[in-house]
Amino acid sequence: MLSSSNEQSITSTSEETTEKQVAESVDGYVIFIRNIDNEVEEDELFQLFSDYGYIKSLHYNLSRRSGVPLGFCMVKYETKEEGERAINEMNNKLFKKRKLEVDWAFIQSTITVSNSSPSFSNLPSESTTQRHLEDTTITKKRSTQNKSKSEHYEKKEEPPLKKNK
């Protein structure tokens with residue numbers, strides 16, 4: 001039996017059970033907030049989410065070109081319980097004309113267990129892995145071709161200038 005409040009126990013019945021395990025960041029637990037109105041300031045988000053625990057960091061990204069918020073942010077809490085509280089309270093809440101979507105930023109691979117066999121949902125499929133290998137091979141070929149072209153240009157020497165008499 002698993003004891004965490006966010007995980008379900010695995011049983012030997014015919015119904016499937018899914019576990020959702022939160023992954024800890026370097027020094028805390030990170031939640032991801034989507035669908036933030038462009039009018040919202042970083043200070044407002046900090047005030048709103050500090051009600052649920054000590055915020056170690058808050059990243060509210062802006063567009064490089066226009067400086068307008070991109071509509072999402074990440075908040076790092078010290079403990080998992082603080083993050084869970086923020087998710088439970090703020091997910092699907094209306095804030096400044098928009099319904100916020102709040103969830104964990106990092107989740108470990110999900111394991112679905114049934115009587116037949118476990119399946120892993122976050123692992124890449126064979127076709128995805130094969131495509132990645134093909135892309136890597138193509139990239140290596142291109143970088144090798146580009147290197148040989150640059151070496152070709154570097155080896156060319158300009159002819160000496162003729163002196164006019």
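Everything below is about the structure printed above this text.
To start, this report covers the structure provided alongside it.

Calculation notes
Residues numbered from 1 in each chain as written. Predicted model: local features only at pLDDT ≥ 70, side-chain atom pairs only at ≥ 80, totals over all residues. Heavy atoms only, no water. Core = buried A, V, L, I, M, F, W, Y, C linked by side-chain atoms within 4.5 Å. Buried < 20%, exposed > 50% of the residue type's maximum accessible area, 1.4 Å probe, protein only. Helix = DSSP H or I, 4+ residues; strand = E, 2+ residues; numbered from the N terminus. Contact = heavy atoms within 4.5 Å. Pairing = 2+ DSSP bridges. Arc of directions from axis to C-beta. Salt bridge = Lys/Arg side-chain N within 4 Å of Asp/Glu carboxyl O. Axes fitted to C-alpha atoms, helices over the stretch in contact; angles between N-to-C directions.

Regarding the nonpolar core
Ile31, Ile33, Leu45, Phe49 and Leu100 are the most contacted members of the largest nonpolar core, which has 23 residues in total. Of all the secondary structure elements, the ones that give two or more residues to this core are strand E2 (29-34), helix H1 (42-50), strand E3 (55-62), strand E4 (69-77), helix H2 (80-90) and strand E7 (101-104). Not counting the four nearest positions on each side in its chain, isoleucine 33 is found in contact with Phe49, Gly71, Phe72, Cys73, Val75, Leu100, Glu101 and Val102.

Brief notes about the pairing of E4
Sheet topology note: the E2/E4 ladder contains 5 bridges and is antiparallel. Across the sheet, tyrosine 29 pairs through a bridge with tyrosine 77, a residue of E4. The pairing of E3 with E4 spans 6 bridges and is antiparallel. Within E4, the residue paired with leucine 62 across the bridge is proline 69.

What about the environment of aspartate 51?
Counting through the fold element by element, aspartate 51 comes out in the loop between H1 and E3. For aspartate 51, a relative accessible area of 59% translates into the label exposed. Here the alpha-carbon distance between aspartate 51 and arginine 85, two residues 34 residues apart in the chain, equals 9.5 Å.

Details of H1
All of the buried residues along H1 are Leu45, Leu48 and Phe49. Each buried residue of H1 lies within a common arc of 85° when the element is viewed along its axis, so the set occupies one face. In H1, those exposed residues whose orientation departs by more than 90 degrees from the buried face are Asp43 and Gln47. Check the buried side of H1 and you find it contacts E2, E3, E4, H2, strand E5 (94-95) and E7.

Examining the pattern of salt bridges
Under the counting rule described, the total for this entry stands at 3 salt bridges. Across the salt bridge formed by lysine 56 and aspartate 27, the nearest N and O atoms sit 3.6 Å from each other. With a gap of 29 residues between them, lysine 56 in strand E3 and aspartate 27 in the loop between strand E1 (17-19) and E2 connect regions that are remote in the sequence. For lysine 56, a relative accessible area of 34% translates into the label partly exposed. Judged by relative accessible area, which is 38%, aspartate 27 ranks as partly exposed. A salt bridge links lysine 96 to glutamate 44; the shortest N-O distance between them is 2.6 Å. Of this pair, lysine 96 sits in the loop between E5 and strand E6 (98-99) while glutamate 44 sits in helix H1, and the two are 52 residues apart along the sequence. The exposure class of glutamate 44 is partly exposed, given its relative accessible area of 24%. Taken together, the salt bridges that share partners define one network made up of Asp27, Lys56 and Lys76.

Comments concerning the sheet that holds E7
The strand order across the open sheet built from 4 strands is E3-E4-E2-E7, with neighbouring strands paired in antiparallel fashion. Either end of the sheet is taken by a strand with one partner, and the two such strands are E3 and E7. With strand direction ignored, the average angle separating the axes of adjacent strands in the sheet is 20°. Pairing of E2 with E7, which is carried by 4 bridges, proceeds in the antiparallel orientation. By the bridge assignment, phenylalanine 32 is partnered in E7 with aspartate 103.

Description of the environment of glutamate 42
Within the secondary structure, glutamate 42 is located in helix H1. As for glutamate 42 and cysteine 73, which are separated by 31 residues in sequence, their C-alpha atoms are 9.1 Å apart. What glutamate 42 contacts, discounting residues up to four positions off in sequence, is Leu58 and Tyr60.

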